[in-house]
Amino acid sequence: PSVVNYPIPVPVSSPVIYVSPSPTPDETANWKIYTNTKYSFTIEYPSNMILGSEPAAPDPELLSSRSIQTKEKDLLSVVVDVRSIPTASLIASTEAFAGVQSNLISVNKRPAYKIEWVQKNREIEPIDLYNQQIFINYKGLSYIISAYFDNKSPNKTSFLNTFDQILSTFKFLQ
């Protein structure tokens, strides 16, 4: 019988390299915080944005509404509404108005629905208005977080990123 001699593997020592992860800067660290204790939520927004005042006389179904917007002429506007209308009804009417379907997403581990569309040929302002609305049902109320801006803005990508960051900070207090 023939014997095959295979080489015996010899361990090779190689230097151990330790890599410590560099800390990721928290882009929201210096942001302002808006807290609505009546409807139990907080949301953070960049320090270069302005928090609008609560409307004096909201309609009976609009329980709360706050806008947050940039100071510049090229404007990003974010609005947080709390409504007493069932969330499913709001989603259905917005889908019908916009002509698009909602997508199921998650906002801080809560199910939410996202609808986005561009409203063209507006009579109020001659811009193509980008609309993104996020609908969350919480304790029988509808929370709608919306972003609006000129769809032709050179800052569109930046605005979308900022809105995503703002949305990631939205939390219920309880």
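Relevant structure appears above.
The following paragraphs examine the structure supplied in this document. All figures in this text were calculated on a predicted structure; none of them were measured in a lab. (Residues numbered from 1 in each chain as written. Predicted model: local features only at pLDDT ≥ 70, side-chain atom pairs only at ≥ 80, totals over all residues. Heavy atoms only, no water.)

## Points about the sheet that holds strand E6 (residues 103–107)
For step 1, the next point in the chain: Taken together, the 7 strands give an open sheet; going across it, the order is E3-E4-E5-E9-E8-E7-E6, and neighbouring strands pair in antiparallel fashion. The sheet is open, and its two edges are formed by strand E3 (49–51) and E6, each paired on a single side. Ignoring strand direction, the axes of neighbouring strands in this sheet form an average angle of 25 degrees.
For step 2, the next point in the chain: Where strand E4 (residues 62–70) lies against strand E5 (residues 77–83), 7 bridges are found, and the strand directions are antiparallel. When the sheet's bridge partners are listed, Ile68 is paired in E5 with Val78.
For step 3, the next point in the chain: With respect to the sheet, helix H1 (residues 87–98) is in contact with E5, strand E7 (110–119), strand E8 (129–138) and strand E9 (141–150), its orientation differing from that of E7 by roughly 25 degrees.
For step 4, the next point in the chain: Against the sheet, helix H2 (residues 156–168) engages E3, E5, E6, E8 and E9, with an angle of about 160 degrees to E9. (Pairing = 2+ DSSP bridges. Helix = DSSP H or I, 4+ residues; strand = E, 2+ residues; numbered from the N terminus. Axes fitted to C-alpha atoms, helices over the stretch in contact; angles between N-to-C directions. Contact = heavy atoms within 4.5 Å.)

Note that every value here comes from positions in space, so none of it alone points to a role or purpose.
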